[in-house]
Every structure is written in C-alpha cells, then in structure tokens.
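# Analysis of the macromolecular model
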Amino acid sequence: MKHFLLLLLWVPLFASAYPLHPNPDMTPGDQCTEQNPDFGGFRYDEHIPYCNRNVNTATKKAIYAAYGIPAAEQKEYTIDHMLPLSLGGSNSVKNLWPENKKVKALRPNLEQDLYYELA
C-alpha cells in the first residue's frame, strides 16, 4: 500500500513536468495544401500533399513560449509535427508542438508504423 501511495504522488509530478501530447486548443493539427508556401508536391498512390520541412527558429521559440517551456529547458525538447509531414501535415503553428525527447523516444517508429497501416 505504501508503494502505491508513493506512485500516486509521483505520477502526477512526472506527467506535469512536460506535455505528453499536443494541447488540442493550441495544436489542433493542420494539413498541407497546394496553396502552402512549403508545398512540395504529392506523394504516394493516394496523392497525399507533402510540405517540405521548414520550421524557423522564431516559430520554434513562439511554440515554446505558448506551451510555457522556459529557455533553459528547451534543449530537452524537439518541435514536432502533430500530423506528420509524410502523412500530409503542414509546418503551421497549428500543427507544431514541443515534444520532450524522452517521450519521443518511447515511440521511435510511430510515423513509419502509421504509414504501413495506411498503405
């Protein structure tokens, strides 16, 4: 019982240390379109629009600020696309969020696995 209570106290602290998933109010996702300045063509038999990777430093800083990640902790994060570029996502701030590198390491093949599921 003692260990269970300690676990209950530890889990919320760990979970609140960084976002485990995008905040849907700030990062609802956004799709690439032909009108997007980063549009690079269509891919796959399904004709999925592809945006070239293009996220500048100012955009990354704005996303860290919006999510409340202090500059001293930003090296622990990567700016990630909620909807991956390979699956039709854009570089819009509506599709970007700060993902902790430890969380990202838990799903190293997720994007490739999703692609295979859709293929």
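Definitions and cut-offs
Residues numbered from 1 in each chain as written. Predicted model: local features only at pLDDT ≥ 70, side-chain atom pairs only at ≥ 80, totals over all residues. Heavy atoms only, no water. Helix = DSSP H or I, 4+ residues; strand = E, 2+ residues; numbered from the N terminus. Contact = heavy atoms within 4.5 Å. Areas by Shrake-Rupley, 256 points an atom, 1.4 Å probe, with all protein chains shown as cover. Disulfide = S-S within 2.5 Å. Buried < 20%, exposed > 50% of the residue type's maximum accessible area, 1.4 Å probe, protein only. pLDDT = per-residue confidence, 0-100. Pairing = 2+ DSSP bridges. Polar contact = N/O pair within 3.5 Å; in protein donor to acceptor, adjacent residues only side chain to side chain.

The helix and strand tally for the protein chain stands at four helices and four strands. Ordering the α and β elements of the protein chain from the N terminus gives α-β-β-α-β-β-α-α. Look at the contacts in the protein chain between residues 6 or more apart in sequence, and 61% of them connect residues 24 or more apart. Roughly 8200 Å² of accessible area belongs to the protein chain as shown, and the carbon and sulfur atoms make up 58% of that amount.

Enumeration according to the criterion identifies one disulfide in this entry. Through a disulfide, Cys 32 is tied to Cys 51; the S-S separation comes to 2.2 Å. Looking along the S-S bond of the Cys 32-Cys 51 disulfide, the torsion reads about 90 degrees, which is the right-handed sense. Of the two residues, Cys 32 is situated in the loop between α1 (2-16) and β1 (39-43) and Cys 51 in strand β2 (residues 48-51); the sequence distance between them amounts to 19 residues. Take Cys 32: its relative accessible area is 3%, and that puts it in the buried class.

Attention now goes to the confidence of the model for the protein chain. Predicted coordinates in regions of low pLDDT should not be interpreted in detail. Here the protein chain averages 84 in pLDDT, while 82% of its residues score no lower than 70. Confidence over residues 1-15 falls short of pLDDT 50; this stretch has two contacts with residues more than four positions distant or in other chains.

So, on to the pairing of β1. Note: β1 against β2, four bridges, orientation antiparallel. Within the sheet, the bridge partner assigned to Gly 41 lies in β2 and is Tyr 50. The loop that links β1 with its antiparallel partner β2 comprises four residues; one of these, Tyr 44, has a positive phi angle of about 70 degrees.

Turning next to the side chain of Asn 100. Summarising the element assignment, Asn 100 is placed in strand β4 (residues 96-100). Under the relative-accessibility criterion, Asn 100 is labelled buried at 5%. In this structure the side chain of Asn 100 is engaged in a polar contact, spanning 2.8 Å, whose partner is the backbone nitrogen of Lys 102.

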